[in-house]
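Here's the letter readout for the chains.
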Amino acid sequence: MAGHNFLFVPGPSNVPNRILRAMAVPMEDHRSVKFPALTQEILAGLKRVFKTESAAPIVFPSSGTGCWEAALTNCLNPGDQILASRFGQFSHLWCDMGRRLGFDMNIIEVEWGEGAPVEGYRSALAADVQHQIKAVLVCQNETATGVTSDILAIRQVLEDLGHPALLFVDSVSALGSIDFRMDEWKVDICVAGSQKGLMLPAGMGITCVSQKALQAAQNSRHPRCYFDYLDMVKSNGTGYFPYTPSIPMLYGLREALVMLEEEGLENVFARHHYLAEGVRAAVTQGWKLSLCAKAPQWYSNSVSAIVVPAGFNAAEVIERAYRRYNLALGAGLSKVAGKVFRIGHLGDLNEVMLMGAIAGAEMAMLDCGIPVTPGSGVAAATQFWCTHEAPVGLGAGA
């Protein structure tokens, strides 16, 4: 179809024109005397996004997956025991990586559609009286199922039990969209990526490492090289990188951080909640369908996974939306493949943009024979957004 492609997968998200313009720079010498100013400005901005005073932000030329690997190989030793929960495709993949890297994975299995099991973590950690568990892995926002977990509650379990394990958090589809507090929640490593709430193209792994985790890296015997925290921190301390960074991406990241600060992080989080509520109204009140997230306590403000009725294939809805209406929706993954389609509502967007996703998804479902009432999703979202006050700063991007 002619016209603009509507990108509403849960990452990569839409890149604002301001960021695209900021990235259109000539190449420069990344060893020049002026380069450290760019590095230092970015690292200072990232500390504000991670909400930390003492932890070290690190930028790798990778995706968030590279930062997963960095977390495991920098701070742990071969064969160390790790406690994790599996409740979606991305929490599964981090667990799978741990096994493939030779760690002893203790995995709490959770029904897909629920979040991190606080009491499950409590039971496992309480039973670990010898403190053999060296790290606890939690996915803050499970992108596959549209579920957000309570990271503070997991930290409180560690505090209650006096357990010294490191706390590693995947915030790839949450950072810059859903509140994250590195220092307050005593997170040791946060893993994120450029292509979600930070509104950049894919290709930059962004992580933040506590002083406790950096000390663990000093004592780790696990092999690593490209993803070595200590190499990065040492080089970043002088304003440089241990190898060639992506210069356009760094300029784009600087602009993204400026945009987030202009809007105000709390306003950004409020905007995402407000927009997500409109999508949820379209799904549950308009279409009379269900979300994959089992209860409101789990609802994600960055992505909604919509369950299609029995007897229908969500993959056909996704294909129809793309081929007929030029709308990219997220696919169901692994256990929920063919059962759900996903609307990503994170990054640079507003009500009218989301209306395109809702209307397109509605038409695609109708084309595939799913019995939703024409116009019902759009009407429900309209009703919500027109009867609730928009957060400050909505639509200030571009």
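Note that the structure is predicted; figures quoted are calculated from it, not measured.

**Looking at the sheet that holds strand β14 (residues 340–344)**
Judged by pairing direction, the sheet is mixed, and its five strands sit side by side in the order β1-β13-β14-β12-β11 without closing on themselves. Looking at strand neighbours, the two that pair on one side only are β1 (6–8) and β11 (290–291), the edges of this open sheet. Bridging between β1 and strand β13 (residues 327–331) involves three bridges; their strand directions are parallel. Paired with Leu7 across the strands is Ala328, a residue of β13. Sheet strands touched by helix α11 (residues 314–325): β13 and β14. Its angle to β13, the strand with the most contacts, is close to 160°.

**Side note on unusual backbone geometry**
Residues Gly11 and Pro12 are joined by a peptide bond in cis, for which omega reads 5°. One can find Pro12 in the loop between β1 and α1 (17–23). Of note in the backbone geometry, Lys51 takes a positive phi value of approximately 60° without being a glycine. By the element assignment, Lys51 lies in the loop between α2 (35–50) and β2 (56–60). Classification of Lys51 by relative accessible area gives partly exposed; the value is 23%. Here the phi dihedral of Ser334 falls at roughly 55°; this positive angle occurs in a residue that is not glycine.

**Quick look at the pattern of salt bridges**
The tally for this structure, following the rule as stated, stands at 21 salt bridges. A salt bridge links Glu119 to Arg122; the shortest N-O distance between them is 3.3 Å. Taken as a pair, Glu119 and Arg122 lie in helix α5 (residues 118–127) at a separation of three residues, close to a single helical turn. Linking Asp179 and Arg181 is a salt bridge whose minimum nitrogen-to-oxygen distance equals 2.6 Å. You can call Asp179 buried: its relative accessible area is 18%. When salt bridges that share partners are traced, they join Lys51, Asp179, Arg181, Glu184 and Glu266 into one network.

**Comments concerning the sheet that holds strand β8 (residues 166–170)**
Sheet strands pair via backbone hydrogen bonds, and the direction of the pair is either parallel or antiparallel. The sheet built from seven strands is open, its strands ordered β2-β10-β9-β8-β5-β3-β4 with mixed pairing. Looking along the sheet, the strands with just one partner apiece sit at the ends: β2 and β4 (104–109). Within this sheet the neighbouring strands show an average axis-to-axis angle of 20°, counted without direction. Here strand β9 (residues 189–193) pairs with strand β10 (residues 205–209) via five bridges, running antiparallel. In the strand pairing of β10, Ile189 is matched with Val209.

**Considering the packing of aromatic side chains**
Following the criterion strictly, the structure yields nine aromatic pairs and no others. Ring centres of Phe35 and Phe241 lie 6.5 Å apart, and the angle between their planes is 75°; this geometry places the pair in the edge-to-face category. Residue Phe35 is located in helix α2, and its partner Phe241 is located in the loop between α8 (229–236) and α9 (247–263); the two are separated by 206 residues in the primary sequence. Neither residue differs from the other here; Phe35 and Phe241 are each classed as buried. An aromatic cluster is defined as three or more aromatic residues linked by ring pairs; in this entry it consists of Phe60, Tyr226, Phe227 and Tyr243.

**Notes on α11**
Helix length check: α11, at 12 residues, gives a terminal C-alpha distance of 16 Å against a target of 16 Å (1.5 Å per residue), a fit within 8%. Within α11, burial applies to Ala314, Val317, Ile318 and Ala321. Each buried residue of α11 sits inside an arc of 100° when the element is viewed along its axis, so together they form one side. Along its buried surface, α11 packs onto β13, β14 and α12 (351–367).

**What about the environment of Glu184?**
Here Glu184 shows up in the loop between β8 and β9. For the pair formed by Glu184 and Ala321, sequence separation is 137 residues and the distance between their alpha carbons is 42 Å. Within the local environment of Glu184, its side chain forms a polar contact with the side chain of Arg181, the two groups lying 3.1 Å apart.

**A few points about the nonpolar core**
Core analysis: the biggest nonpolar cluster contains 90 residues, and Val136, Phe168, Tyr229 and Leu253 have the highest contact counts within it. It is α9 that contributes the most residues to this core, nine residues altogether. Apart from the residues within four sequence positions on either side, Tyr229 is in contact with Ile58, Phe60, Ala70, Ala71, Asn74, Cys75, Ile189, Thr207, Val209 and Leu214. If you look at the next biggest cluster of nonpolar residues, it comprises 34 residues, including Ala282, Ala314, Leu329 and Met365.

**Quick look at α8**
Every buried residue belonging to α8 is among Tyr229, Met232, Ser235 and Asn236, and all of these are buried. For α8, the arc enclosing every buried residue in end-on projection is 140°, short of the 170-degree limit, so these residues lie on one face. If you follow the buried residues of α8, they end up packed against α2, β2, α3 (64–75), β9, β10 and α7 (211–219). If you check the start of α8, you find a side-chain oxygen 2.8 Å away from the backbone N of Leu230, and it comes from Asp228.

Parameters and conventions
Residues numbered from 1 in each chain as written. Predicted model: local features only at pLDDT ≥ 70, side-chain atom pairs only at ≥ 80, totals over all residues. Heavy atoms only, no water. Pairing = 2+ DSSP bridges. Helix = DSSP H or I, 4+ residues; strand = E, 2+ residues; numbered from the N terminus. Contact = heavy atoms within 4.5 Å. Axes fitted to C-alpha atoms, helices over the stretch in contact; angles between N-to-C directions. Buried < 20%, exposed > 50% of the residue type's maximum accessible area, 1.4 Å probe, protein only. Salt bridge = Lys/Arg side-chain N within 4 Å of Asp/Glu carboxyl O. Phe/Tyr/Trp six-rings, centres within 6.5 Å; stacked < 30°, edge-to-face > 60°. Expected span 1.5 Å × (residues − 1). Arc of directions from axis to C-beta. Polar contact = N/O pair within 3.5 Å; in protein donor to acceptor, adjacent residues only side chain to side chain. Core = buried A, V, L, I, M, F, W, Y, C linked by side-chain atoms within 4.5 Å.

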